[in-house]
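Single-letter residue listing:
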Amino acid sequence: MSAPETQDDQGPVATTGHEWDGIRELDNPLPRWWLWIFYASVVVAIGYWVLMPAWPGLTGYTPGVLGKSDRAELVEQLDKLKALRGEQSARLTDASLQEIESDPELQAHALAVGQSVFGDNCATCHGVGGVGGKGYANLRDDVWLWGGTLEDIHRTLQYGIRSGHPQARFSQMPAFGRDQLLTPAQVADLTEYVVALSGRPANAAAVQRAAPVYAANCVACHGPAGLGDPLQGAPNLTDREWLYGSARADIREQIHFGRNGVMPGWAERLDPETVKALAVYVHANAAGQ
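Everything numeric here is computed off the predicted structure, so don't read it as measured data.

S.K.: When you look at the side chain of Lys 276 in this model, what are you seeing that I'm missing?
M.R.: Positionally, Lys 276 belongs in helix 11 (residues 272–285). Among buried Asp, Glu, Lys and Arg side chains, Lys 276 stands out as unpaired, with Glu 273 the closest opposite charge at 7.2 Å.

S.K.: How do you make sense of the packing of helix 7 (residues 184–197) against helix 10 (residues 248–257) when you look at a structure like this?
M.R.: Packed helix pairs are specified by the crossing angle of their axes together with the interaxial distance, meaning the distance between the axes. Two numbers describe how helix 7 lies on helix 10: the axes approach to 9 Å, and their chain directions differ by 125 degrees. Taken as axis vectors, helix 7 and helix 10 run oblique relative to one another. Considering only the axes of helix 7 and helix 10, their crossing is right-handed. Between helix 7, through Val 187, Leu 190, Thr 191, Glu 192, Val 194 and Val 195, and helix 10, the contact on the second element is made entirely by Arg 248, Ile 251, Arg 252 and Ile 255. Here the contact of helix 7 with helix 10 is composed, by residue class, of six nonpolar, one polar and three charged.

S.K.: What should I look at first to understand the nonpolar core in this one?
M.R.: Nonpolar side chains in soluble globular proteins tend to end up buried together. Core analysis: the largest hydrophobic core is formed by 28 residues, its most contacted members being Ile 100, Phe 118, Leu 157, Leu 278 and Val 282. Of all elements in the fold, only helix 3 (97–102), helix 4 (104–121), helix 6 (150–159) and helix 11 reach the threshold of two or more residues within this core. Those residues within four positions of Leu 278 in sequence are excluded, and the remaining contacts are Gly 114, Val 117, Phe 118, Cys 122 and Leu 157.

S.K.: Would you mind going over the pattern of salt bridges with me for this structure?
M.R.: Pairs can form between side chains of opposite charge whenever their charged atoms are close. Counting across every chain of the model gives nine salt bridges. Note that Asp 152 and Arg 169 form a salt bridge whose closest N and O atoms lie 3.9 Å from each other. Of the two residues, Asp 152 sits in helix 6 while Arg 169 sits in the loop between helix 6 and helix 7, which places them 17 residues apart along the sequence. Looking at Asp 152, the relative accessible area reads 23%, which means it is partly exposed. Note that Glu 192 is salt-bridged to Arg 248, the shortest N-O span being 2.7 Å. You can see Glu 192 sitting in helix 7 and its partner Arg 248 sitting in helix 10, a full 56 residues away along the chain. Taking the relative accessible area as the measure of exposure, Glu 192 reaches 11% and is therefore buried. Arg 248 sits in the partly exposed class, given a relative accessible area of 35%. Each of Arg 91, Asp 103 and Glu 105 takes part in a single network of salt bridges with overlapping partners.

About the cut-offs
Residues numbered from 1 in each chain as written. Predicted model: local features only at pLDDT ≥ 70, side-chain atom pairs only at ≥ 80, totals over all residues. Heavy atoms only, no water. Helix = DSSP H or I, 4+ residues; strand = E, 2+ residues; numbered from the N terminus. Buried < 20%, exposed > 50% of the residue type's maximum accessible area, 1.4 Å probe, protein only. Lys, Arg positive; Asp, Glu negative; His and termini not counted. Salt bridge = Lys/Arg side-chain N within 4 Å of Asp/Glu carboxyl O. Axes fitted to C-alpha atoms, helices over the stretch in contact; angles between N-to-C directions. Parallel < 35°, antiparallel > 145°, perpendicular 65-115°, else oblique. Left-handed = near helix turned anticlockwise from the far one by under 90°. Contact = heavy atoms within 4.5 Å. Nonpolar A, V, L, I, M, F, W, Y, C, P; charged D, E, K, R; others polar. Core = buried A, V, L, I, M, F, W, Y, C linked by side-chain atoms within 4.5 Å.

This is the structure we're talking about:
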């Protein structure tokens, strides 16, 4: 049975016999160039099935004539990388922090490891670039509550801050308002006093009233001039860096609630070599001391 035909400008044209809303489906042959590409693709596919791993089975797959295995190559590459890193990690174990930073090859390895570990464990709080956020320290500036030397950073990473570890960094900012250590009026005056310490305009009368309150409750940690104390993790109140915000509402809230953040210690979660590498990374990429 011959295919039905229709008429166009070129004469009779075969159709498939299908028609929708007056539109006929033509039965034109595929372009020859397209057919040759299709046939070539079929040949290549058959060649791939023969040469390379291709068909899955119940207990495995066809290995192919060439016996190539991406999985085996990946395992081999990972083994080589593990062996290489194992040698460098062993050097990290024996080297001091200063020796790591003074050895370009060892430092490069530590920075690579530290960057990876920072992204996996620290970036959640401190950000990918380490710039921190409200309540999370900026690791890119030169303000360090517990000191910014390589040794200081390493100890903080090891044991954390208020983490519960016996050697963790620990300080306690009292909740002067919540625990009724000061009246709301005294908290408000003390807020103005802290604003004045940072060099900003403040209510002079409130500052004068708060002076004895500050001397009685804050000097022991922050010092008479408000310069802080790294040994206690007490922040400098005279600069423009504020962990919980510099607005009056933020300062008042900190005095009232005495927020004390927690940083986990990594000595029990990461091996000593990794903690060293992380310390070197933080110190090298921040304004360390």
